[in-house]
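Analysis of the macromolecular model
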Amino acid sequence: MSAVKPLFITNHLLNSLSKPDHEWFLSHSTTIHLEFGEVLYNADDEMKYVYFPLSGFISLLVDIVDAPSIEMGLVGNEGMLGATLALGNNHVPMQSIVQGSGSALRMDAEVFDQRLETNAPLRQLIHSYLYVVSLQLAQIGACNCFHEIQQRLVRWLLMSHDRAHSNQFYLTHEFLAKMLGVRRSSITIAAGVLQQQGLITYSRGQINILSREGLESASCSCYGAAIDVYDKNIAKPSEQTKSINPFN
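The structure contained in this document is the topic of the report that follows. (Residues numbered from 1 in each chain as written. Predicted model: local features only at pLDDT ≥ 70, side-chain atom pairs only at ≥ 80, totals over all residues. Heavy atoms only, no water.)

The next point concerns the sheet that holds strand β10 (residues 200-203). Strand order across the open sheet formed by three strands is β9-β11-β10, with antiparallel pairing between neighbours. Unpaired on one side and paired on the other, β9 (168-170) and β10 mark the two borders of the sheet. Shown here is a sheet whose adjacent strand axes are inclined to one another by a mean of 15°, direction ignored. Inspection of the sheet shows β9 paired to strand β11 (residues 206-209) by three bridges, in the antiparallel sense. In the strand pairing of β11, Phe169 is matched with Ile207. Most of the contacts of helix α5 (residues 149-164) go to β9, to which it runs at about 110°, and overall it touches β9, β10 and β11. (Pairing = 2+ DSSP bridges. Helix = DSSP H or I, 4+ residues; strand = E, 2+ residues; numbered from the N terminus. Axes fitted to C-alpha atoms, helices over the stretch in contact; angles between N-to-C directions. Contact = heavy atoms within 4.5 Å.)

Set out below in C-alpha cells:
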C-alpha cells in the first residue's frame, strides 16, 4: 500500500456530501494504492484508518472455527471501510482484504471520528450507510443458506462487476471458493456452466463478463434487493460533487 497522486473523487458516499464537507475530506485524506490480496485489517484489530475506495474493492470475511472463512460483503466506491466507528467501537468487526486492485482515500480514524461528532449531516449519512450494510449482510447470509452455488456465484460476479468498473477482473478458483465458502470443484462446475451459456469467460483467474444482462437474468433476487436497499437509503450525489453512478 503506497501513496499515489490524488484522483478525481469517485466515491459515492463522499459525493453525497455538501461541497464544503467534500473539500474537507479531500484536504484531510491521502490517496493510496490498494494491492490485490493486501490485508487491511484482521478481525478485532484496532482501527487506525478509514478507507473510501475510489476504484477497486475490499472483501469482508468472517472466520469460522473449524471451517474456511466466508465472504459476507464487498466495499467499493459505493461505501467505506470503517463506518462502525460511528457506533463508538474502534475495533474492526471482520477481516478486510483487497479483492480488486485500485485506489482509495485513507483518513486517520481519530480525525474521522472527531468529524463525526461535530458534523450532523455526515453522522446521518454514515448511520444510513450502516443500516444499508446491516440489511445487505442479512441478505447475503440468507443467500448463502438457501440458494444454489451457481446463483451465489452470479450474485458475486455482479457485485464485483459493479465495483471493478471493468468487464475484466482477476480471481483464482481458490480465492473464489473462499469467498463463497465452497469447494474449488464446485466453482469449476458453476463457472463452466456460465461459460457454456456465453455469459463469461474464465481462464487462469481472469474473469471476463460477456453478458451483464444474462448474468442479471441468471441471478437470484438477492442481488437486486441489495441494490434497492442502497438506492432507497443513500442520498444521490450532490450536483457539485457528482462524478459517476456508484453501481455503473
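Core analysis: the largest hydrophobic core is formed by 72 residues, its most contacted members being Phe25, Met80, Phe112, Trp156, Leu157 and Ile207. Looking at this core, the element that brings in the most residues is helix α4 (residues 120-146), giving seven residues. (Core = buried A, V, L, I, M, F, W, Y, C linked by side-chain atoms within 4.5 Å. Buried < 20%, exposed > 50% of the residue type's maximum accessible area, 1.4 Å probe, protein only.)

To continue, consider α4. Over its 27 residues, α4 runs 39 Å from end to end, which matches the ideal 39 Å to within 8%, given 1.5 Å per residue. Within α4 the residues assigned to the buried category are Leu122, Leu125, Ile126, Ser128, Tyr129, Leu130, Val132, Gln136, Ile140, Cys143 and Asn144. At the N-terminal end of α4, a side-chain oxygen is found 2.9 Å from the backbone nitrogen of Leu122, two or three residues along, and the residue is Asn119. (Expected span 1.5 Å × (residues − 1). Polar contact = N/O pair within 3.5 Å; in protein donor to acceptor, adjacent residues only side chain to side chain.)

Inspection of the secondary structure puts Gln150 in helix α5. Owing to a relative accessible area of 26%, Gln150 belongs among the partly exposed residues under this scheme. With residues up to four places along the chain from it excluded, the contact list for Gln150 reads Ala190, Val193, Leu194 and Gln197.

Turning our attention to empty space enclosed by the protein. All chains considered together, the criterion is met by one cavity of 30 Å³ or more. Reported here for the largest cavity is a volume of approximately 40 Å³. Around the largest cavity, the lining residues are Gln136, Gln139, Ile140, Arg155, Met159, Cys222, Tyr223 and Ala226. Residue composition of the lining of the largest cavity, by class: five nonpolar, two polar and one charged. (1 Å grid on protein atoms, 1.4 Å probe; cavity = no way out; pocket = protein on both sides within 12 Å on 5 of 7 lines; lining within 4 Å. Points joined across faces, edges and corners; volume = space filled by probe spheres on them. Nonpolar A, V, L, I, M, F, W, Y, C, P; charged D, E, K, R; others polar.)

Just distances and angles here, no functional claims.
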